Amino acid sequence: MSYRADEEVVGICRDLIRIDSTNFGPQPGPGERAAAEHVAALLDEVGISSEIYESEPKRASLIADWAPEGVDPSAPPLLIHGHLDVVPANADDWTYDPFAGEIADGCVWGRGAVDMKDFDAMLLSVVRARARAGVAPRRPIKLVFTADEEAGGIYGAHWLVDHHRDFFEGCTEAIGEVGGFSLTIRDDLRLYLIQTAEKGIAWLRLIAEGRAGHGSMRNDDNAVTELAAAVARIGQYDWPHKITDAQRAFLDAVSEAFGIELDPDRAEETLAKLGSISRMIGATMSNTANPTMLTAGYKHNVIPGSAEASIDGRFVPGGKDEFLATIDELVGDKIRIEMDTLQPSVETEFSGALVEAMQQCLLAEDPGARAVPFLMSGGTDAKAWDRLGIRCFGFAPLRLPPDLDFVGMFHGVDERVPTESLEFGARVLDRFLATA
Ligand SMILES: [Zn+2]
């Protein structure tokens, strides 16, 4: 029986956007329950049963085993995951209501259009089409739709790993965000960036303690002064380049595509040719540490006894020890460092049958496609699956128009995705399920 894998993708994406699943972090929000129930209903309609688990009221994730007749039962299951939550959107800033799922200028507009209700919709469109037509994927599939990715996955992916580890039994590979999108080099060449690595996260708090006193007096042990100096040293520090294997492979591909020699120490200049993606790539050339919050004092004429600053630190795979040592040195011994969050970096090799399948499926839909690995600057649910030893790839295929500021779409105003890109993605994913 024939079927069209991309038939429902646009409609499902719009419907998911209309279900507000904003993640406000520690503040209460609508949760993911309604979105998870919608996904469950879409799966149930084609005979796939699923379970919804709540880590906290309304913080819902969904899991489903999909191993219909015709799969190779001896093959290890493939984990395919998407998160259901989105970051907040302030409607006043947007051209269209961020929770309306409008279609305009050939795009679906709304919060989650690229992060990542787009991929959720591709996956559901493909699975439903195949289930209705009775066309099995090559391998058994573990479908996971998570809560809380946008706040670190504590109530989603990490919670599932802690409480439902059995479900992932036998999984060795996974696909999800962030990656699979195209970067146009020429009419006949598009690089598709596959995430094979992501940076680690170190959220630090600096605490300075000094002598409290009257603001009119001399004070050589002022906590605010001490802290401010340390914050400035961190903020102004020029982190040396540290090129990982994934990054090296990406830079090589870019050099080759442009036919130029690329000096890693001056790579930013070349990367600038790639448009907005250079921001993301630039941030992955080294460790980074940005001061983000300051707290001290309660009255203009009182020197407080302590002062605190928060630092958002990110380290490249293999760069953690050097990162922490550098921070220690920059901070000095008068300030205490507390670690609020420490999450490891994740890295896998860009090789093997799964990678081969990605390249082949992209090529079948885009003759100018060339898959390349890249290191992502942010963190994703891959950090949770990595705890189970699962190799994680960011592969949510999208062929994008050359002029779309795709990176700016992530958490940005007027987030949108071309409908043609969604349909392309569904077709690539469908091929992938047949071969991967
Ligand atoms: Zn995301």
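First things first, this report covers the structure right here in the doc. If you're wondering where the values come from, they're calculated on a predicted model, not measured in any experiment. (Residues numbered from 1 in each chain as written. Predicted model: local features only at pLDDT ≥ 70, side-chain atom pairs only at ≥ 80, totals over all residues. Heavy atoms only, no water.)

**A word on the overall build of the protein chain**
Check the secondary structure of the protein chain and you find 13 helices and 19 strands. Expected size for 436 residues packed as a compact globule is a radius of gyration near 22 Å; at 23 Å, the protein chain falls within 12% of this value. Principal-axis analysis of the C-alpha atoms gives the protein chain an extent of 85 × 55 × 45 Å. The buried share among the 436 residues of the protein chain stands at 55%. When contacts within the protein chain are restricted to residue pairs at least 6 apart in sequence, those whose partners lie at least 24 apart make up 79%. For the protein chain, the exposed surface amounts to about 18,400 Å²; the carbon and sulfur share of it is 48%. (Helix = DSSP H or I, 4+ residues; strand = E, 2+ residues; numbered from the N terminus. Rg over C-alpha atoms; globule rule 2.2 N^0.38 Å. Buried < 20%, exposed > 50% of the residue type's maximum accessible area, 1.4 Å probe, protein only. Contact = heavy atoms within 4.5 Å. Areas by Shrake-Rupley, 256 points an atom, 1.4 Å probe, with all protein chains shown as cover.)

**Details of the coordination of the zinc ion**
On the protein side, the zinc ion has His83 (NE2), Asp115 (OD), Glu177 (OE) and Glu177 (OE) as donor atoms, found 1.8 to 2.6 Å from it. Taken together, the four donor atoms surrounding the zinc ion define angles of 54 to 155° at the centre, an arrangement classified as irregular. (Donors = N, O, S within 2.8 Å, 3.2 Å for Na, K, Ca; no water. Tetrahedral: all angles 85-135°; square planar, octahedral: opposite > 155°, others 65-115°.)

**Digging into helix H9 (residues 320–331)**
Relative to the 16 Å expected for twelve residues at 1.5 Å per residue, H9 spans 16 Å between its end C-alpha atoms, a close match to the ideal helical length. For H9, the complete set of buried residues consists of Phe323, Thr326, Ile327, Leu330 and Val331. One face of H9 carries all of its buried residues, which in axial projection span an arc of 125°. In H9, the exposed positions that point more than 90 degrees away from the buried face belong to Asp321 and Glu329. Where H9 is buried, its residues meet strand S10 (200–209), helix H5 (223–236), strand S12 (288–296), strand S14 (306–315) and strand S15 (335–343). Of the residues flanking the end of H9, it is Gly332, one or two places downstream, whose phi is positive at about 85°. (Expected span 1.5 Å × (residues − 1). Arc of directions from axis to C-beta.)

**Considering unusual backbone geometry**
In the segment running from Asp115 into Met116, the intervening peptide bond is cis, with an omega of -15°. Positionally, Met116 belongs in the loop between strand S5 (107–109) and helix H3 (117–133). Each neighbour pair has its own omega, and for Glu177 with Val178 the value is -10°, a cis peptide bond. Counting through the fold element by element, Val178 comes out in the loop between strand S7 (173–176) and strand S8 (181–186). Positive phi is not limited to glycine here, since Asp148 has a value of about 65°.

**Here's the deal with the side chain of Gln359**
Inspection of the secondary structure assignment puts Gln359 in helix H10 (residues 353–365). Polar side-chain contacts of Gln359 include one of 2.6 Å to the backbone nitrogen of Ala371. Those residues in contact with Gln359, other than ones at most four positions away along the chain, are Ala369, Arg370 and Ala371. (Polar contact = N/O pair within 3.5 Å; in protein donor to acceptor, adjacent residues only side chain to side chain.)

**Some remarks on the nonpolar core**
Counting residues in each nonpolar core, the largest one holds 89 residues, and the members touching the most others are Ile175, Phe181, Phe250 and Phe432. Those residues in contact with Phe432 that lie beyond four places of it in its chain are Leu78, Ile175, Leu354, Ala357, Met358, Cys361 and Phe395. Counting 20 residues, the second-largest nonpolar core is a separate cluster that includes Ala208, Leu227, Phe323 and Ile335. (Core = buried A, V, L, I, M, F, W, Y, C linked by side-chain atoms within 4.5 Å.)

**Things to note about the sheet that holds strand S19 (residues 416–418)**
On the basis of which strands lie adjacent, the open sheet formed by three strands has the order S4-S5-S19 and antiparallel pairing. Each edge of the sheet is formed by a strand with only one pairing partner; in this case those strands are strand S4 (103–104) and S19. Bridge analysis of S4 against S5 gives two bridges, and the strand direction is antiparallel. Looking at S5, one finds that Ile103 is bridged to Val108. Sheet contacts for helix H1 (residues 9–18): S4 and S5; angle to S5, the most-contacted strand, approximately 15°. Relative to S19, helix H13 (residues 419–435) is tilted by about 70°, and along the sheet it contacts S4, S5 and S19. (Pairing = 2+ DSSP bridges. Axes fitted to C-alpha atoms, helices over the stretch in contact; angles between N-to-C directions.)

**Looking at the packing of aromatic side chains**
Within the structure shown, the criterion is met by twelve aromatic pairs. A ring pair is formed by Trp239 and Phe323, whose centres lie 5.3 Å apart and whose planes are at 15°; its orientation type is stacked. With Trp239 in the loop between H5 and helix H6 (245–258) and Phe323 in helix H9, this pair connects stretches of sequence that are 84 residues apart. Judged on exposure class, the residue Trp239 and its partner Phe323 are both buried. Members of the aromatic cluster, connected to one another through ring pairs, are Phe181, Phe374, Phe406 and Phe410. In this structure, Lys142 packs its charged tip against the face of Phe167, placed 4.6 Å from the ring centre. (Phe/Tyr/Trp six-rings, centres within 6.5 Å; stacked < 30°, edge-to-face > 60°. Lys NZ or Arg CZ within 6 Å of the ring centre and 35° of its normal.)

**So, the environment of Thr380**
Inspection of the secondary structure assignment puts Thr380 in the loop between strand S17 (369–376) and helix H11 (382–386). Here Thr380 falls in the buried class, since its relative accessible area comes to 7%. Separated by 229 residues in sequence, Thr380 and Ala151 have C-alpha atoms that sit 9.5 Å apart. When neighbours within four sequence positions are excluded, Thr380 is seen to be in contact with Glu149, Glu177, Val178, Gln195 and Glu198. A polar contact is formed between the side chain of Thr380 and the side chain of Glu198, at a distance of 2.8 Å.

**Digging into the sheet that holds S10**
Overall, antiparallel pairing links the four strands, which are arranged S12-S14-S10-S15 in an open sheet. Edge positions in the sheet fall to S12 and S15, since each has one partner strand and no second. Taken pair by pair, the neighbouring strands of this sheet meet at an average axis angle of 20°, ignoring direction. The pairing of S12 with S14 spans eight bridges and is classified as antiparallel. Within S14, the position partnered with Ala296 by the bridge is Ala307. Running over the sheet, H9 touches S10, S12, S14 and S15 and is turned about 155° from S15.

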